[in-house]
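Structural overview
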Amino acid sequence: TPGEAVALEKAIQTPLGAARAAAAGLQLCSEAIAVTPASIAPDLGTAALILAGSVRSMLLSVESNALRLTNRESRAEIAREVEELKQLAKNHQQW
């Protein structure tokens, strides 16, 4: 039904948007490394680890809900973005 389709779209887009925001925070952490004093570097590392875990955990919800999409093209598009975000989270594990 149309209502179910709208709910499914929200169930995908809400955590996907949150994962994007957390990924943007990871990017900021990476940029901040060069100007972060050694005394607070562990705090920056902690923030990056929390953000990376947040990205991965939110993507679990996205992946689960995307399986219910009937449109293969939409499902493939979401899967591509999920993989990009997973890689971004994985690549920011220098701490």
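Every residue gets a number counted from 1 within its own chain, in the order that chain's sequence is written. The predicted nature of this model means local features are confined to residues of pLDDT at least 70 and side-chain atom pairs, given and counted, to a pLDDT of 80 or more, with totals for whole chains, interfaces and linings taken over all residues. In computing side-chain properties, one takes all heavy atoms of the structure into account and sets aside hydrogens as well as water.

For the rest of this paragraph, the subject is the pattern of salt bridges. We define a salt bridge as a side-chain nitrogen of Lys or Arg found within 4 Å of a carboxyl oxygen belonging to Asp or Glu. The final tally for this structure, using the stated rule, is three salt bridges. Note that Glu 81 and Arg 20 form a salt bridge whose closest N and O atoms lie 2.5 Å from each other. With Glu 81 in helix α3 (residues 72-91) and Arg 20 in helix α1 (residues 2-32), this pair connects stretches of sequence that are 61 residues apart. Given a relative accessible area of 22%, Glu 81 falls into the partly exposed group. A salt bridge links Lys 86 to Glu 63, with the nearest nitrogen and oxygen atoms 2.8 Å apart. Helix and strand assignments come from DSSP, with helices taken as H or I runs of at least 4 residues and strands as E runs of at least 2, each series counted from the N terminus. The classification of residues rests on relative accessible area computed with a 1.4 Å probe and restricted to protein chains. Under 20% of the type maximum is buried, over 50% is exposed, and intermediate values are partly exposed.

With respect to the secondary-structure elements, Leu 8 resides in helix α1. Considering only alpha carbons, one finds Leu 8 and Asn 65, 57 residues apart in sequence, at a separation of 6.9 Å. Note on contacts: a residue pair is in contact if any heavy atoms of the two residues lie within 4.5 Å. Setting aside residues no more than four positions away along its own chain, Leu 8 makes contact with Asn 65, Arg 68 and Leu 69.

Attention shifts here to the environment of Ser 61. Here Ser 61 lies in helix α2 (residues 41-66). Counting along the chain gives 50 residues from Ser 61 to Ala 11, while the straight-line C-alpha distance between them is 8.0 Å. Excluding anything up to four places from it in sequence, Ser 61 contacts Ala 11 and Pro 15.

On to α1, then. Here a helix's expected span is defined as the number of its residues, less one, multiplied by 1.5 Å. With 31 residues, α1 extends 45 Å between its outermost C-alpha atoms, agreeing within 8% with the 45 Å of an ideal straight helix rising 1.5 Å per residue. Leu 8, Ile 12, Pro 15, Leu 16, Ala 19, Ala 22, Ala 23, Gly 25, Leu 26 and Cys 29 are the residues of α1 that are buried. Its buried side turned inward, α1 meets α2 and α3.

To continue, consider the nonpolar core. By nonpolar core is meant a set of buried Ala, Val, Leu, Ile, Met, Phe, Trp, Tyr and Cys residues that side-chain atoms within 4.5 Å join together. Ile 12, Leu 26, Val 55, Leu 59, Val 62, Ile 78 and Leu 85 are the most contacted members of the largest nonpolar core, which has 22 residues in total. Only α1, α2 and α3 provide two or more residues apiece to this core.

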